[in-house]
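The primary structure of each chain is shown beneath.
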Amino acid sequence: MNDGTTTGNAATEAFVAHRNLLFTVAYEMLGSAADAEDVLQETWLRWTGVDHDEVREPRAYLVRITTRQALSRLRTVGRRRESYVGPWLPEPLLTTPDVADDVELADSVSMAMLLVLETLAPTERAVFVLREVFDLGYDEIAEAVGKAPANVRQIAHRARAHVAARRPRAEVSADQRRDAVEAFRQATTTGDLQGLLDVLAPDVVMLTDGGGIVHAALEPFVGIDTVAGLLSRLLMPFELESAEVNGHPALVLYREGEVDAVIGVHVQDGLIKGLYVVRNPEKLSGIRHETTLSR
């Protein structure tokens, strides 16, 4: 039998080895890095109280703890989001280059996809994320969410259909996406209205999230004329820099050297279909350093 020190070291090593995976699970379920970090703290506390000699698969066990903690928090923050001021957008993360290389992972953490996941019930979201993103078996998911495997299969089918009906199409290459974002950056920083009209889709939608803390629109801006006219007036005085955010090309807006906003971009058919402008200062800490996501 291992002594306490050896077991403790092995438990710590297991948690550290799977930490990026656990963070990704929690983030995809919550759309918030701050909440995901809180979930990891709770996971660690519960993990230290486990009899590790009885744990055969640390990864599966840790994912199960993380999922349960994330579900509990998701139900709590869901109630808070009902009273959120203006549109709620996911917390943007400056991601490492390998996230973009994993196309399925990048798609699952994109701003557009996280907004679709927000429309799922908590258990549906957990089942969808664990099955579709992390490819866990139904028995393993059932243990994580406290449901029978047969029920999990039904939930997975329902969640998959729900997401398929709402998920944004993105049939463009990485180069096309980067080109569209760069064209947008050039047009907005030079005040080139025609350039904006050339890169925006006719039915483009722009959401702005200020969280009631800083100025932001309370309703979406819809349509190319509305969005282009607004951007040509507002963005010229600011500095825009390209960045990899949530696995996709995005823009970081600076004002007097400080991050003022992060602009997530959804590109479809070579044109910008969605703009997600996060100004809430409580959501901008994840843009100061790269976050490693994994599955």
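Refer to the preceding data block for the structure.
Scope of this entry: the structure provided in the associated data block. Just so it is clear, the structure is predicted and the values come from calculations on it, not from any experiment.

## Considerations on the overall build of the protein chain
Item 1. Looking only at helices and strands, one finds twelve helices and six strands in the protein chain.
Item 2. Here the protein chain has a C-alpha radius of gyration of 20 Å; the compact-globule value for 295 residues is 19 Å, and the two agree.
Item 3. The 295 residues of the protein chain split such that 51% are buried.
Item 4. For the protein chain, the proportion of contacts with a sequence separation of at least 24, taken over those separated by at least 6, is 68%.
Item 5. Approximately 14,000 Å² of the protein chain is accessible, and the part contributed by carbon and sulfur atoms is 49%.
Item 6. Between the mean site of the 30 positive side-chain charges and the mean site of the 44 negative ones, the protein chain shows a separation of 7 Å.

## Some thoughts on the layout of surface pockets
Item 1. Within this model, the largest pocket holds a volume of roughly 440 Å³.
Item 2. In terms of lining residues, the largest pocket is bounded by 28 residues, among which Ala106, Arg177, Gly247, His248 and Pro249 are the most central.
Item 3. When residues of the lining of the largest pocket are traced back to their parent elements, those giving at least two are helix 4 (97-101), helix 5 (103-109), helix 6 (111-117), helix 10 (174-190), strand 3 (239-245), strand 4 (248-255) and strand 5 (258-268).
Item 4. At four residues, the largest contribution of residues to the lining of the largest pocket is made by strand 5.
Item 5. Split by residue class, the lining of the largest pocket holds 16 nonpolar, seven polar and five charged.
Item 6. Taken as a whole, the second largest pocket spans an internal volume of roughly 370 Å³.
Item 7. Forming the walls of the second largest pocket are 18 residues, and the residues nearest its centre are Thr208, His215, Leu234, Val277 and Arg279.
Item 8. Classifying every residue of the lining of the second largest pocket by side-chain character gives 13 nonpolar, two polar and three charged.

Cut-offs used in this document
Residues numbered from 1 in each chain as written. Predicted model: local features only at pLDDT ≥ 70, side-chain atom pairs only at ≥ 80, totals over all residues. Heavy atoms only, no water. Helix = DSSP H or I, 4+ residues; strand = E, 2+ residues; numbered from the N terminus. Rg over C-alpha atoms; globule rule 2.2 N^0.38 Å. Buried < 20%, exposed > 50% of the residue type's maximum accessible area, 1.4 Å probe, protein only. Contact = heavy atoms within 4.5 Å. Areas by Shrake-Rupley, 256 points an atom, 1.4 Å probe, with all protein chains shown as cover. Lys, Arg positive; Asp, Glu negative; His and termini not counted. Charge placed at Lys NZ, Arg CZ, Asp CG, Glu CD. 1 Å grid on protein atoms, 1.4 Å probe; cavity = no way out; pocket = protein on both sides within 12 Å on 5 of 7 lines; lining within 4 Å. Points joined across faces, edges and corners; volume = space filled by probe spheres on them. Nonpolar A, V, L, I, M, F, W, Y, C, P; charged D, E, K, R; others polar.

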